There are 2 protein chains.
Amino acid sequence: MPNFLERVNEKREALTASEQKIIEQLEKHEKPFLLSMNELSSLSGVSEPSVVRLYRKLGYASYQELKVALAQEHAANGPSYSSDNNEIKESDKADVVFEKIGDQLSSAMMMTKEKLNVDQMEEAVGKIAKAARLFFFGQGLSGTIAEDGAHKFMRIGGTTLAVKDPHYQAIYASHMTEEDVVIAISHSGETVNIIEVVDMSKKSGATCIIITSNPNTTLAKMADILLLTQAQETENRSDAMVSRLVQLALIDTLYTRVVSVGDSDIKKAVNLSRLAVTRMKK
Amino acid sequence: MPNFLERVNEKREALTASEQKIIEQLEKHEKPFLLSMNELSSLSGVSEPSVVRLYRKLGYASYQELKVALAQEHAANGPSYSSDNNEIKESDKADVVFEKIGDQLSSAMMMTKEKLNVDQMEEAVGKIAKAARLFFFGQGLSGTIAEDGAHKFMRIGGTTLAVKDPHYQAIYASHMTEEDVVIAISHSGETVNIIEVVDMSKKSGATCIIITSNPNTTLAKMADILLLTQAQETENRSDAMVSRLVQLALIDTLYTRVVSVGDSDIKKAVNLSRLAVTRMKK
DNA sequence: AATATAATGTAGTTTACTTACAAAAAGTGG
DNA sequence: CCACTTTTTGTAAGTAAACTACATTATATT
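Residues numbered from 1 in each chain as written. Chains lettered and ligands numbered in written order. Predicted model: local features only at pLDDT ≥ 70, side-chain atom pairs only at ≥ 80, totals over all residues. Heavy atoms only, no water.

Trainee: Explain the protein's contact with DNA strand D to me, please; I cannot follow it from the model alone.
Mentor: Among the 19 residues in the neighbourhood of DNA strand D, the closest are listed as Met37, Tyr55 and Arg56 of chain A together with Thr16 and Ser18 of chain B. Near the protein, meaning within 4 Å, the atoms of DNA strand D are sugar or phosphate in a fraction of 58%, with bases accounting for the rest. Contact between DNA strand D and tyrosine 55 of chain A: a phosphate oxygen at 2.6 Å from a side-chain N or O atom of the residue. Arginine 56 of chain A is positioned such that a nitrogen or oxygen atom in its side chain is 2.7 Å from a phosphate oxygen of DNA strand D. Those elements giving two or more residues to the surface near DNA strand D turn out to be helix H4 (48-57) and helix H5 (63-77) of chain A together with helix H2 (17-28) and helix H4 (48-57) of chain B. (Near = heavy atom within 4 Å. Polar contact = N/O pair within 3.5 Å; in protein donor to acceptor, adjacent residues only side chain to side chain. Helix = DSSP H or I, 4+ residues; strand = E, 2+ residues; numbered from the N terminus.)

Trainee: For this particular structure, what's the right way to read the packing of aromatic side chains?
Mentor: The geometry of an aromatic ring pair comes down to the distance between the two centres and the angle between the two planes. Residue and element names in this part refer to chain B. Evaluated as defined, the whole model comprises 10 aromatic pairs over all chains. When the ring of tyrosine 55 is compared with that of tyrosine 63, the centres are 6.2 Å apart and the planes differ by 45°; the resulting orientation is tilted. Judged by its relative accessible area of 7%, tyrosine 55 falls in the buried class. A residue is classified by how much of its surface remains accessible, and tyrosine 63, at 10% relative accessible area, is buried. (Phe/Tyr/Trp six-rings, centres within 6.5 Å; stacked < 30°, edge-to-face > 60°. Buried < 20%, exposed > 50% of the residue type's maximum accessible area, 1.4 Å probe, protein only.)

Trainee: Can you walk me through the sheet that holds strand E1 (residues 133-137) of chain A in this structure?
Mentor: What links the strands of a sheet is backbone hydrogen bonding, and the strands pair in either a parallel or an antiparallel sense. All names here are of chain A. One open sheet accounts for five strands, arranged E2-E1-E3-E4-E5; its pairing is parallel. Of all the strands in the sheet, the pair left with one neighbour each is strand E2 (159-163) and strand E5 (225-228). Taken over all neighbouring pairs, the strand axes of this sheet differ in orientation by 15° on average, direction set aside. Contacting E1, strand E3 (181-186), strand E4 (207-212) and E5, helix H12 (residues 238-261) crosses the sheet at an angle of about 140° to E4. (Pairing = 2+ DSSP bridges. Axes fitted to C-alpha atoms, helices over the stretch in contact; angles between N-to-C directions. Contact = heavy atoms within 4.5 Å.)

Trainee: I tried to follow the pattern of salt bridges on my own but got confused; where do I start?
Mentor: Once their charged atoms are close, side chains differing in charge can pair, the charge on each being opposite to the other. Applying the stated criterion to the full structure yields 24 salt bridges over all chains. One salt bridge in this structure joins lysine 100 of chain A and aspartate 92 of chain A, with 2.8 Å as the shortest N-O distance. Neither lysine 100 of chain A nor aspartate 92 of chain A differs from the other in exposure class; each is buried. Between aspartate 148 of chain A and lysine 152 of chain A there is a salt bridge; the shortest N-O distance is 3.5 Å. Of this pair, aspartate 148 of chain A and lysine 152 of chain A both sit in helix H8 (residues 141-153), separated by four residues, roughly a single helical turn. There is no split in this pair, since aspartate 148 of chain A and lysine 152 of chain A are both buried. Taken together, the shared-partner salt bridges connect Glu147 and Lys164 of chain A together with Glu147 and Lys164 of chain B into one network. (Salt bridge = Lys/Arg side-chain N within 4 Å of Asp/Glu carboxyl O.)

Following this line, the structure appears as structure tokens:
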């Protein structure tokens, strides 16, 4: 069932002057679904039957139906953004905490999606698909993200490593070539070791993809390809948790795309990996 | 503004017999927001003024307002469930893939939230807070979740370990006491090694908290405390990715709660850990 | 300019919503 | 257990909203 605006667009040619006046009112009004037909018609400066003819033309059976449709569409677009008061309190029981994390997460996913540059993402996908070796660098909690990422990309058959130890990172970084790709992960963007290691990797000629939450950091500025995960601006303790989940989803996206664009070799490799894992169960 | 069901619950004591009949109809009807007052009252077998008195009591200014509220709440709950066409296609570019993962994720979070048993969660929190040692067991991708969890709980100062190697898991499991707590993670719930290790841990007297997506599995049935992450029933390749994110959010919830209910020692420990990590940056 | 066609409005009808008040039911104190 | 109060429910009438039939005006066509 098409929504209100789609219906309007479909019939745009066939709309009369007074019908357009009515639509204008419906679009400008904050709560159009609370207007009576009388109010709407006088606001628009037209007669009531004109309103009737309009909603008929748009395919609604009654004025009530139009109002219900408007109400539902307003509900669907509105509240998800207005994360009114999601801060987690000590008194919140587990179910409330989980719900609030969920709300923060979906708002962070939405913000990230809006800032996401498709071309950059696809460029990253291309580089990864062609890479001779793929390195995930991360420390602390970002280290577990690195490992998760490596675990996934391992399945496409190439050489993929998660490196969490700064010394190991440094050694790998100093021996890279133009064919290598580094994915460096840091929530803060200011982890000293990671900055150094990315610097070394770049000097060795590797492509550096940076995943971080903050664009105004040393690490972000060094990126060949920068993938930003936007979280809320607050300094809640839960921000780090949420941004980590978004980063994982971002890496999932990269992986899904690499498999999609990959040649038949990659797809064979993925299937082989799945079989291998299945043998470990049952 | 509380939603319809919250309002009903708040006034539950004060509801008369005919008011309950009306509510019953509103809950059972598929599209209650399209009913006229006349239809609703005759369906419920009461008079129209009884309907008026009910919505007044619930805090709505007019029957229209009640209908609009119901329509909006149906819109908010409805479509996110019916994940109409979230399946990721090979032709989807990175931004679309990310968006679909986001949609699947929030629907999975919602489903998990509904199945979530607060008491079980809080019981788990209590056990963890008092545990002498806390073990995270997981293999493969669930292993990285285990590590992530251990990384977090490490900060509260106790003995916390992520064990991914089945041999190590077996050794630890055979030397546990009643004071120990095991958190075992498995997406499928049928990973042979994990099942064996949980069995050993239980025989040693440890409390076993199981995090899995499937309630009808050997592992789920062994749980002292079972925490289910509901994903969609489909066998999409993305299900595992999504359920892993939900599992992480679940562990975040446990952690947040443990810190909240924890005594001053735990809070001191968390602050110490934060200082320690900060020293590693800048 | 005459006629056809489309657009809009007037006035009235029907339906939906609301109110005032009365009847019935359920408690309460003597 | 009866007179009285309070609560619950319904009847009937009023008001406002939604809809319809038809008249009027505007626009286009020949």
